[in-house]
Amino acid sequence: MIVPWRDRRGKFLPLKAAVFVAVFVPACFYAYAWIVGAAQPRPITEAIWGTGLWAIRFFLISLAITPVARMLQWPGLLLVRRMVGLTGLAYLVAHLFFYTMDQKFVLTTVVTEILSRFYLTIGFVALLGFAALGVTSTNAMIKRMGRWWKRLHYATYGLIAMGVFHYFIQVKANVSEPVFVAGLYVWMMLWRALPMGWQRGVAVYPALAVVAAPATAGIEFAWYAVATNINPWRVLAVNESLNFGLRPAHCVFIAGVVVVGLVVGRRLAARFSGPMLARSA
Ligand code: HEM
C-alpha cells in the first residue's frame, strides 16, 4: 500500500510528511471560511476561485521542484514532486465539482457551458490531460510504460500553459496575477531549455532574471493588444517606473534575483562546510 509519508522501502520521511500536511492547508482554509460564513454571500464562487487558484499554484510548484532541487543540490526534494502534482489534480477535480454544484448539478447545463465557452473548453481539455497524467503516475504504470512515461509526462508543460490561458481569459479586467504566473512559467521553461551544465552553474541565473522579466512584460503587452481595447503601449510604459507600484514583470525580476541569492548562498555554504567537515573528521 502507498503511504504518502514513507518511501518505497517503507522508511518514514519527514519532508514527505510535512508536504502531505501542507497540501491540505488551503482546502481547510476555504472549508473553514465556508463553515463560519466568511465566504458569504457566494461561498460556491469562492470555492471555485480558491480551488482553481490552488490547482495552478500546485502545478507551478511541481514544475519548480526540479530546478530548485538542481540549483540547491537537494535531490531529496524530488521525492515530493509527484505528491504536489497529484495535489494540483485533486484541487482541479474539486474545482470542477464546485462548478457543477454552481450549476445545481444539472449535467446538461455543465456540458453545454463547457462546449460553448472557450475558456471552459480549454480548462476541461487541460483537466482531462492532467487526469490522464495522474492515472499513469502509479509506480506500476511508470514501470510498465518505461520511456513512454517520460514522453507522456512532457505534456505537463502544455497542460499548465492551457491552465494559465484559462486563468487569463476568466479574469475579466486586471490580468496582473495571471501575467505574474505566466512570467514564472516562462522562467521555468527557459531553465529547462538550458544545457544541464549551465543549470548546475551560477552565471546563468542572473541572465534568466534579466530575460524572464521583459518576457513577462511582453506577455502582458500581447494580452492587452490582442484581448482588450486598452492601449498596450501605455501598459508597457507603466513598467518603466515604480510610480504605479510593482508590476508583474518587476515581481518576476525580484523572484529571479531571489533565485540568484539562493544559488550563490548554496554554493558558498557548500564551499565553507567542506573544509569544516574535513576539520571535524
Ligand atoms: C472542467 C474544467 C474547468 C472548469 C469548468 C472551470 C471553471 C472555472 C470557473 C467557472 C471559474 C470562475 C470564473 C469567473 O469568476 O467568472 C474558474 C476560474 C479559475 N480556474 Fe477554472 N475551470 C476548469 C479548469 C481549470 C484548470 C485546468 C485550471 C488550471 C490548471 C483552472 C484554474 C482556474 C483559475 C486559476 C481560476 C481563477 C481563480 C481566481 O480568479 O482566483 N481551471 N474556472
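Residues numbered from 1 in each chain as written. Predicted model: local features only at pLDDT ≥ 70, side-chain atom pairs only at ≥ 80, totals over all residues.

Attention shifts here to the nonpolar core. If you look at the biggest cluster of nonpolar residues, it comprises 43 residues, and the most contacted ones within it are Val 181 and Val 252. Elements that contribute at least two residues to this core include exactly helix H3 (43–71), helix H4 (81–102), helix H6 (118–135), helix H9 (155–170), helix H10 (176–193), helix H12 (204–227) and helix H14 (248–280). It is H10 that provides the largest number of residues to this core, a total of 9 residues. Looking at which domains feed residues into this core, each of domain 1 (13–170) and domain 2 (174–281) supplies at least three. In this structure, Val 181 is in contact with Ile 56, Leu 60, Val 164 and Tyr 167, ignoring residues within four places of it in sequence. Residues Tyr 30, Ala 47, Ile 48 and Phe 98 belong to the second largest nonpolar core, which totals 5 residues. (Core = buried A, V, L, I, M, F, W, Y, C linked by C-beta atoms within 7 Å. Buried ≥ 20, exposed ≤ 12 C-beta atoms within 10 Å, placed from the backbone. Helix = DSSP H or I, 4+ residues; strand = E, 2+ residues; numbered from the N terminus. Domains from an automatic or database assignment. Contact = placed C-beta atoms within 7 Å.)

A separate point is the packing of H3 against H4. Viewed as axis vectors pointing N to C, H3 and H4 meet at an angle of 160 degrees, and their least axial separation amounts to 8 Å. In this view, H3 runs roughly antiparallel relative to H4, as classed from their interaxial angle. At the point where H3 passes H4, the crossing takes the left-handed sense. Across the contact of H3 with H4, the residue classes break down as 16 nonpolar, 7 polar and 2 charged. (Axes fitted to C-alpha atoms, helices over the stretch in contact; angles between N-to-C directions. Parallel < 35°, antiparallel > 145°, perpendicular 65-115°, else oblique. Left-handed = near helix turned anticlockwise from the far one by under 90°. Nonpolar A, V, L, I, M, F, W, Y, C, P; charged D, E, K, R; others polar.)

If you check the shell around the ligand, you find 22 residues, and the closest are Trp 49, Gly 52, Gly 123, Ala 126 and Gly 163. Of all elements in the fold, only H3, H4, H6 and H9 reach the threshold of two or more residues within the shell around the ligand. Broken down by element, the residue count for the shell around the ligand peaks at 7 residues, all from H3. Its residues assigned to classes, the shell around the ligand shows 16 nonpolar, 6 polar and no charged. (Near = placed C-beta within 6 Å.)

The step from Gln 40 to Pro 41 runs through a cis peptide bond, and the omega angle for that step is 5 degrees. Mapping Pro 41 onto the fold places it in the loop between helix H2 (25–36) and H3. One non-glycine residue, Gln 73, lies in positive phi territory at about 50 degrees. Inspection of the secondary structure puts Gln 73 in the loop between H3 and H4. Residue classification places Gln 73 among the exposed positions, given that 12 C-beta atoms sit within 10 Å.

Moving on: the domain arrangement of the protein chain. Interface size is commonly expressed as the accessible area that is lost once the parts come together. Each domain of the protein chain was delimited in the assignment, giving domain 1 (13–170) and domain 2 (174–281). For domain 1 versus domain 2, the separation of C-alpha centres amounts to 23 Å. Each side of the interface is counted separately: domain 1 has 15 residues, and domain 2 has 17 residues. Contributions of two or more residues to the side of domain 1 that touches domain 2 are made by H3 and H9. Among the elements that make up the side of domain 1 that touches domain 2, the one with the highest residue count is H3 (7 residues). A breakdown of the residues in the side of domain 1 that touches domain 2 according to their chemical character gives 13 nonpolar, 1 polar and 1 charged.

What follows concerns the packing of H3 against H9. The contact between H3 and H9 brings their axes to 11 Å, and the two run at 145 degrees. For the crossing formed where H3 meets H9, the hand is left-handed. Contacts from Ile 56, Phe 59 and Leu 63 in H3 reach Ile 160, Gly 163, Val 164 and Tyr 167 in H9. Split into classes, the residues belonging to the contact of H3 with H9 amount to 6 nonpolar, 1 polar and no charged.

Locating Phe 272 in the fold gives a position in helix H14. Placed 263 residues apart in sequence, Phe 272 and Arg 9 show a C-alpha to C-alpha distance of 34 Å.

So, on to the environment of Gly 256. Note on placement: Gly 256 falls in helix H14. You can call Gly 256 buried: it has 21 C-beta atoms within 10 Å. Along the sequence, Gly 256 and Val 211 sit 45 residues apart, while their C-alpha atoms lie 9.6 Å from each other. Residues within four places of Gly 256 in sequence aside, it is in contact with Trp 187, Leu 208, Ala 209, Ala 212 and Ala 213.

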